[in-house]
Amino acid sequence: MSSPPGGRAARARHADEEVRYQAVAEMDPGRAEDRTVLLERLADPSWRVRAAVAERLGSAAQPLPVVGALIAALQSQEGIGAREAAGEALARVGSPALPALMTRLEDRSPDLRQAVASVIGRIGDRRAAAPLSALLADEDPNVRVAAAEALARVGGPAAAAALHRAVETRDPALRLAVVEALASLRSWPPGLPPSALMADSTLRRAAYRLLGSCDDPAAGPLVAAGVAEPGRTAREAALVAAGQQRSRRRPADLEPLASALRTRAAADPTLADTCASALASDDDAVAAGALAALGWIGGARHVRAILRLAEDDRHRATVEEVLASLPRGDAVRTALAESVTGLGPAARITALAELARLGSAEALESLSREAADAMALANAEAAAALRKLGLPRPVAGAPAAERAGAAAAAVVPAPPPPLSDGEFEALREVIHGHSGLWFRDDMRYLVERRLGPRVQALGLAGFADYRRYLAGDPGREAELDEASELLTTNETYLFREPLQLGAFQREVLPVIARELAARRQLRVLSAGCSTGEEAWTVAALVRESGLFEGWDVEVIGVDLSRRCLAQARAGAYGDGAFRSPEAEPLRRWFKLRGGRWVVDDDLRRTVRFVRDNLLAPRALAAVSTLDVVFCRNVMIYFDADARRRMLHRLRERMRPGAWLLLGHSESLLNLTADFSLVHLRDDLVYRKPRLAAAEEDA
Ligand SMILES: C[S@@+](CC[C@H](N)C(=O)[O-])C[C@H]1O[C@@H](n2cnc3c(N)ncnc32)[C@H](O)[C@@H]1O
């Protein structure tokens with residue numbers, strides 16, 4: 001875009017958001033005149049511009065001149081956006097702003113005291129623990145709660161001690177905030193009997209979260225007691241705590257919890273069934289806790305229920321681990337073998353992979369057969385399962401059971417070298433830098449399990465060498481791609497999330513057809529398209545609507561994974577791709593060839609697949625301005641920063657008024673206010689705001 005006339009200050013007030021953004025990004029907060037404009041733009045209507053302003057003001061080499069004005073702006077009457085941007089800038093200034101902020105903790109305005117306490121919490125400087133502790137006794141209830149939240153962020157022994165003292169307060173809102181804060185600090189108040197918190201039903205969930213997060217050996221039996229509670233609310237909260245304990249701690253440290261649960265299960269044979277039924281909970285954390293509990297007490301009887309959860313991307317890795325932890329006996333082996341039929345494709349592949357790990361030649365043979373198809377066609381899950389077993393390609397000549405048996409013995413990986421906390425942190429930074437994937441602390445075992453075979457395949461001594469390889473070896477780019485592929489989940493199928501696609505077909509497409517009638521061009525992006533099913537589904541829906549005859553229509557599928565894209569381009573699928581009942585009518589766009597459903601040439605002309613990293617600064621450069629973006633089940637693997645970066649990039653590539661459709665468990669809450677929420681009859685979607693009519697015409 002060529003720069004419009006006028007100085008930077010004029011451009012910073014221009015009607016076009018992009019012009020304002022560029023102008024603000026160039027400003028120097030060290031110069032008084034730029035500083036004045038930046039402080040004024042804290043109230044800019046665009047989130048993106050406000051974020052750039054906060055970044056500029058927060059990065060001043062001499063921050064003190066801006067601190068006073070930013071503190072004043074925490075009470076800005078121009079809206080919450082301006083107040084948040086001021087808070088963000090102060091948090092970026094960090095400790096140098098602390099002395100000025102602390103003097104305002106006794107301000108007469110409770111709103112300011114509350115805002116200042118929050119900013120101090122975000123700065124996270126332990127010197128603030130004492131004044132924040134004093135604020136726990138503030139006369140205003142919101143200030144007291146803000147102080148507890150800030151102490152959780154500041155951390156350290158002084159903050160924990162202040163929270164311990166406050167735990168028995170009579171103010172219920174503060175008590176809840178204190179227990180939540182202690183849960184973040186993983187600190188149980190010394191000497192406090194658990195019953196003191198468990199007796200209060202409003203606190204019980206938070207109290208179990210505290211138990212789930214603390215390393216006290218006494219926590220295990222208390223959590224086990226909670227899992228056995230007759231009341232559902234308490235039981236589910238305890239299951240969440242069990243899941244937290246499992247994901248945070250080393251297996252050896254979990255023994256008190258595991259054995260307490262086993263003892264209770266021995267006394268009460270219905271306990272395992274109760275946990276198995278909690279696997280179906282809508283609350284992910286409860287289901288994850290139930291999985292953990294079954295890993296400790298479950299047996300062959302629950303293998304099928306456990307496997308069923310492998311159909312959900314978010315639980316697949318835990319299912320694999322829980323299956324691996326079940327007693328290695330014939331009963332489990334038989335239950336796995338029986339489960340291979342009658343479950344969804346992802347669960348079936350998980351069962352086959354576990355059987356192969358247990359040395360079953362037949363299972364390895366089945367996996368190899370499906371993955372061999374995948375080389376030319378599509379069964380990404382079988383191929384991925386083989387890769388996780390350390391086999392880059394199917395066992396050659398798979399049909400001979402003896403050969404497969406020998407291969408199974410050869411490939412069942414030796415236990416992967418343990419991944420230490422330090423190596424995990426370093427490795428996840430490298431992966432995050434490359435692909436945006438972010439692994440929480442509790443996902444260390446997943447990373448260890450999935451990358452362990454690569455460490456072995458490359459002949460490296462351990463994960464520390466692997467990280468060095470990723471940092472310096474000439475083959476690093478290829479290996480970073482390989483590692484990212486192993487760590488991503490590529491689960492997808494035709495007509496996934498039918499409610500949303502129905503809403504798209506009935507409510508969105510007619511609006512688009514009306515609004516773009518003059519242009520007669522439609523560009524749709526399937527971001528993170530995996531093996532292509534989403535792109536083909538959308539293309540078929542557009543065609544079937546009959547609204548775009550004679551238009552220039554293109555659906556573009558983008559993904560990081562070369563393997564997935566090869567399968568997407570092949571456009572050939574097994575029956576598993578049609579697992580959603582709503583996908584059945586789509587068979588008319590496919591022809592059955594050699595046992596695979598191969599996409600029709602007519603539909604093929606509408607769809608193009610491009611390899612790209614959605615987080616690269618110039619991502620989607622090869623894609624023209626977009627009218628619709630499907631970005632479903634991709635952000636769930638990113639941290640907040642990567643989500644914002646990707647959304648920002650997508651937004652840049654969208655025309656004003658373009659539509660954004662996310663996966664059913666995803667939203668833009670707390671990420672960006674730069675899209676407007678649209679309530680359709682059956683779904684919630686987003687749109688990039690339209691410009692004023694005059695600007696849109698320009
Ligand atoms: C679970 S699949 C989602 C498939 C499809 N959108 C759906 O909802 O059915 C997630 C996909 O995102 C891709 N992905 C992850 N990070 C990516 C990145 N930084 N750039 C491009 N694709 C990425 C993965 O390779 C994977 O194929």
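Here the focus is the site of the ligand. Taken together, 25 residues lie around the ligand, and T492, G528, S530, R632 and N633 are the ones closest in. For the shell around the ligand, a count of residues per class yields seven nonpolar, twelve polar and six charged.

This part takes up the sheet that holds strand β8 (residues 654–662). Strand order in the open sheet formed by seven strands is β6-β2-β1-β7-β8-β10-β9, and the pairing between neighbours is mixed. Two strands lie at the open edges of the sheet, namely β6 (607–611) and β9 (676–679), each paired on one side alone. Pairs of neighbouring strands in the sheet enclose a mean axial angle of 25°, with direction left out of account. Across the face of the sheet, helix α31 (residues 498–515) comes into contact with β1 (521–527), β7 (626–631), β8 and β10 (684–687) while running at roughly 170° to β8. Here helix α33 (residues 562–570) sits on the sheet in contact with β2 (552–559) and β6, set at roughly 165° to β6.

Where β9 and β10 come together, four bridges link them in antiparallel fashion. By the bridge assignment, S676 is partnered in β10 with R687.

A148, L151 and L291 are the most contacted members of the largest nonpolar core, which totals 131 residues. Dropping the residues within four chain positions of it, A148 is found in contact with L136, L163, L174, A177, V178 and A181. In this structure, A503, I512, V542 and F630 belong to the second largest nonpolar core, which totals 74 residues.

All right, on to the pairing of β8 then. Pairing between β7 and β8: five bridges, direction parallel. Along β8, the bridge assignment pairs V629 with L660. Of the crossover connections in this fold, the one passing from β7 over helix α35 (residues 640–652) to the parallel β8 is right-handed. Pairing geometry for β8 and β10, over two bridges, is antiparallel. The residue bridging W659 from the neighbouring strand is R687, located in β10.

Once that is clear, we can look at the environment of L174. Here L174 lies in helix α12 (residues 172–185). We classify L174 as buried; it has 21 C-beta atoms within 10 Å. C-alpha of L174 to C-alpha of P141: the two residues are 33 residues apart in sequence and 7.5 Å apart in space. Leave out the neighbours within four places in its chain, and L174 touches R144, V145, A148, A166 and T169.

Backbone-to-backbone hydrogen bonds join strands into a sheet, with any given pair of strands oriented parallel or antiparallel. Spatially, the three strands line up as an open sheet ordered β3-β5-β4, and their pairing is antiparallel. The sheet is open, and its two borders are formed by β3 (572–573) and β4 (590–593), each paired with just one other strand. Judged from the two bridges that link them, β3 and strand β5 (residues 596–599) form a sheet pairing that is antiparallel. Among the inter-strand pairings, A572 is bridged to a residue of β5, identified as V598.

In this section: the domain arrangement of the protein chain. Taken as a whole, the protein chain is organised into domain 1 (8–184), domain 2 (421–487) and domain 3 (498–697). Each of domain 1 and domain 3 was reduced to a C-alpha centroid, and the two centroids are 38 Å apart. If you look at the interface, domain 1 gives five residues, while domain 3 gives five residues. Residues belonging to the side of domain 1 that touches domain 3 are distributed by class as follows: two nonpolar, one polar and two charged.

Mean pLDDT for the protein chain: 85, with 91% of residues reaching 70 or above. Contacts for the low-pLDDT stretch residues 374–378, under 50 throughout, to residues beyond four places or in other chains number 15 contacts. Counting interchain partners and residues more than four positions distant, the pLDDT-below-50 stretch residues 692–698 has five contacts.

What follows covers unusual backbone geometry. Its identity as a non-glycine residue notwithstanding, R520 has a phi of 50°, on the positive side. Here R520 is to be found in the loop between α31 and β1. For S530, which is not glycine, the phi dihedral falls at a positive 55°. Accessibility expressed as a C-beta count within 10 Å gives 26 for S530, which makes it buried.

Glancing now at the environment of E491. Counting through the fold element by element, E491 comes out in the loop between α30 (476–487) and α31. The spatial distance from the C-alpha of E491 to the C-alpha of E311 is 8.6 Å, given a sequence separation of 180 residues.

Two quantities define a packed helix pair, namely the angle between the axes and the distance from one axis to the other. Contact geometry for α12 and helix α14 (residues 204–213): axes closest at 8 Å, N-to-C directions at 15°. What the angle tells us is that α12 and α14 run roughly parallel. Between α12 and α14 lies a crossing whose hand is left-handed. Facing L176, V179, E180, L182 and A183 of α12, the residues of α14 in contact are A206, A207, R209, L210 and S213.

Rules used in this analysis
Residues numbered from 1 in each chain as written. Predicted model: local features only at pLDDT ≥ 70, side-chain atom pairs only at ≥ 80, totals over all residues. Near = placed C-beta within 6 Å. Nonpolar A, V, L, I, M, F, W, Y, C, P; charged D, E, K, R; others polar. Pairing = 2+ DSSP bridges. Helix = DSSP H or I, 4+ residues; strand = E, 2+ residues; numbered from the N terminus. Axes fitted to C-alpha atoms, helices over the stretch in contact; angles between N-to-C directions. Contact = placed C-beta atoms within 7 Å. Core = buried A, V, L, I, M, F, W, Y, C linked by C-beta atoms within 7 Å. Buried ≥ 20, exposed ≤ 12 C-beta atoms within 10 Å, placed from the backbone. Right-handed = clockwise from strand over helix to strand, strands pointing away. Domains from an automatic or database assignment. pLDDT = per-residue confidence, 0-100. Parallel < 35°, antiparallel > 145°, perpendicular 65-115°, else oblique. Left-handed = near helix turned anticlockwise from the far one by under 90°.

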